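Structure assessment
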Amino acid sequence: IDRFSSTVEGMHDAIVKPWFRFAGPAEPQMRAAYAVTTSRVYRSVRGIGSRAGRVSDSVRRESTVEPTRRSDAIQAFTNAIWGDELARRDSAMTISLAVRDQRGSAVELDAEALAKAFPAASGRLVVLLHGLGQTERCFSARDAVPGLTEALALSSLTPVPVRYNSGRSVADTGEELDVLLEQLIEHWPVRVTEIALVGYSMGGLVARAATASGHANARRWVDAVRHVVTVAAPHSGSPIEKAVGVAERSLMLAPQTRPLGAFLAQRSAGIRDLRSGTDLPGAFDGIKHHLIGAVITSDAAHPVGSLVGDLIVRPVSATGPRVAAHNRHLIGGRRHFDILHEPTVAARILDWIEPES
């Protein structure tokens, strides 16, 4: 509420105040009356918003009712936009990085809780990492089309969904995931023999960041990693975030639009990380990288498809040379938010990661 009201108030001032100079001798009195009136209005709005936020935080912390898909989606979207700020404020709206069960509830990293959440646990894990503003449910069935979660459930592999605050920087999330995975293998119900990381969109960057952090810290879990699969991940950045950066700078040029520019400047660290991707090692020994991308044209090699990609990520970013990959696969006729439910994607991922090494 603070950010929205401050933006509106700033634009209001920038538009109205220049007109006071036409009031002649009455200008000082009109400016004073305007300042008193508007400051009271916006202060009231911010006060109501602040109280509502505190009530919402209190209700969310104390509620024993399981969150719904809708409330989870709203929380994930909010975290995408302002997740770093929510974390700094220790807001109850902040998503804490955690393994999730089939209902979407966080799972404690102890042997009893993990055994209960994963009764058919195998020693071959597939860690699922969602994209910006999403939850792990993006990997599940949609419109009667099975997702990767359902495909993995029929395989010899155990899907391990992870939910995280996508508004935090990719590097910070990767470091936190590194710690979580070390705890996970320590308490997993059976001995972990193999791990694959599958990251969609931003999740692909998080997977690479966690692997880099794990290598730097000599973690045991990294020794078990055999595959890293990224789907529509902006390894070289996304043109959407680059365009937002241009819009921010352009809006700052005029007084009337400067508040909007300042509003855009407050977007989360996670979103900013999508501008140029992440500066991470391309690959590690013993780990095979597999890259999947999409273009909107039915012909994956069409020049238009190469230019616009899936409308969020271009193929040179999703499947390009920035990552030393074992496999690269480009799908035609799919948009960014459709690719996970392209029937061939789950099959191809399983072809890559399921055979015993």
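Everything below is about the structure printed above this text.
What this report covers is the structure whose coordinates are included nearby. Just so you know, these numbers come straight off a predicted model, no measurement behind them.

1. Focus on the overall build of the protein
- A tally of helices and strands in the protein yields 14 helices and 7 strands.
- Across the protein, contacts joining residues at least 24 apart in sequence account for 78% of those joining residues at least 6 apart.
- Split by element, the accessible area of the protein, about 17400 Å² in all, is 58% carbon and sulfur.

2. Observations concerning the pattern of salt bridges
- What the rule picks out here adds up to 15 salt bridges.
- A salt bridge links Glu176 to Arg168; the nearest nitrogen and oxygen atoms lie 2.5 Å apart.
- A relative accessible area of 24% means that Arg168 is categorised as partly exposed.
- With its nearest N and O atoms 3.0 Å apart, the salt bridge here joins Glu241 to Arg267. In this pair, Glu241 sits in helix α9 (residues 239-251) while Arg267 sits in the loop between α10 (258-265) and α11 (269-272), placing the two residues 26 residues apart along the sequence.
- Residue Glu241 is classed as buried on the basis of its relative accessible area of 4%.

3. Topic: the pairing of strand β4 (residues 194-200)
- Burial within β4 is extensive, with 7 of its 7 residues counted as buried.
- Bridge count between strand β2 (residues 124-129) and β4: 6 bridges; the pairing is parallel. Looking at β4, one finds that Val127 is bridged to Leu197.
- Relative to strand β5 (residues 225-231), β4 runs parallel, the two being bridged by 6 bridges. Bridge pairing in β5 links Leu197 to Val228.

4. Topic: the nonpolar core
- Of all hydrophobic cores here, the largest spans 38 residues; its most connected members are Val99, Leu177, Leu184, Trp188, Ile195 and Trp221.
- Those elements giving two or more residues to this core turn out to be β2, β3 (158-163), α6 (170-187), β4, α7 (202-216), α8 (220-223) and β5.
- Within the second largest apolar cluster, 25 residues are counted, among which are Tyr200, Ile292, Ala294 and Leu350.

5. Some points on α6
- The terminal C-alpha atoms of α6, which comprises 18 residues, lie 26 Å apart, in line with the 26 Å expected from a rise of 1.5 Å per residue.
- For α6, the set of buried residues is Val170, Thr173, Gly174, Leu177, Asp178, Leu180, Leu181, Glu182, Leu184 and Ile185.

6. Remarks on the sheet that holds β3
- Strand order in the open sheet formed by 7 strands is β1-β3-β2-β4-β5-β6-β7, with mixed pairing between adjacent strands. With partners counted over all chains shown, the strands left at the sheet margins are β1 (98-99) and β7 (327-332), one partner each.

7. Re the pairing of strand β6 (residues 288-295)
- For β6, the buried fraction is high: 7 of the 8 residues fall into the buried class.
- Pairing geometry for β5 and β6, over 5 bridges, is parallel. Across the sheet, Val231 pairs through a bridge with Ile292, a residue of β6.
- With 6 bridges connecting them, β6 and β7 associate as parallel partners. Each residue of the ladder has a partner; that of Val295, found in β7, is Gly332.

8. Notes on the layout of surface pockets
- If you add up the space inside the largest pocket, you get close to 900 Å³.
- Phe77, Leu132, Gly133, Gln134 and Phe337 are the residues nearest the centre of the largest pocket, which is lined by 35 residues in total.
- Those elements that place two or more of their residues in the lining of the largest pocket are α3 (69-88), α9 and α10.
- When residues of the lining of the largest pocket are assigned to their parent elements, the largest contribution, 8 residues, is made by α3.
- Looking at the lining of the largest pocket residue by residue, the classes come out as 20 nonpolar, 9 polar and 6 charged.

9. Digging into the side chain of His227
- With respect to the element layout, His227 can be found in strand β5.
- Its relative accessible area of 6% is what places His227 among the buried residues.
- Within the structure, the side chain of His227 is placed 2.9 Å from the side chain of His290, a separation counted as a polar contact.

10. Focus: unusual backbone geometry
- At Asp143, a residue that is not glycine, the phi angle is positive and equals roughly 50°.
- Summarising the element assignment, Asp143 is placed in the loop between β2 and α5 (148-153).
- Judged by relative accessible area, which is 68%, Asp143 ranks as exposed.
- The phi torsion at Leu311 lies on the positive side, around 85°, for a residue other than glycine.
- In this fold, Leu311 is placed in the loop between α12 (303-308) and α13 (315-318).
- Taking relative accessible area as the criterion, Leu311 reaches 44% and is therefore assigned partly exposed.

11. As for the environment of Val126
- Summarising the element assignment, Val126 is placed in strand β2.
- Separated by 101 residues in the primary sequence, Val126 and His227 have C-alpha atoms spaced 9.2 Å apart.
- If we skip the residues at most four places from it in the chain, Val126 touches Leu152, Leu157, Thr158, Pro159, Val160, Ala196, Val198 and Ile353.

Parameters at a glance
Residues numbered from 1 in each chain as written. Predicted model: local features only at pLDDT ≥ 70, side-chain atom pairs only at ≥ 80, totals over all residues. Heavy atoms only, no water. Helix = DSSP H or I, 4+ residues; strand = E, 2+ residues; numbered from the N terminus. Contact = heavy atoms within 4.5 Å. Areas by Shrake-Rupley, 256 points an atom, 1.4 Å probe, with all protein chains shown as cover. Salt bridge = Lys/Arg side-chain N within 4 Å of Asp/Glu carboxyl O. Buried < 20%, exposed > 50% of the residue type's maximum accessible area, 1.4 Å probe, protein only. Pairing = 2+ DSSP bridges. Core = buried A, V, L, I, M, F, W, Y, C linked by side-chain atoms within 4.5 Å. Expected span 1.5 Å × (residues − 1). 1 Å grid on protein atoms, 1.4 Å probe; cavity = no way out; pocket = protein on both sides within 12 Å on 5 of 7 lines; lining within 4 Å. Points joined across faces, edges and corners; volume = space filled by probe spheres on them. Nonpolar A, V, L, I, M, F, W, Y, C, P; charged D, E, K, R; others polar. Polar contact = N/O pair within 3.5 Å; in protein donor to acceptor, adjacent residues only side chain to side chain.

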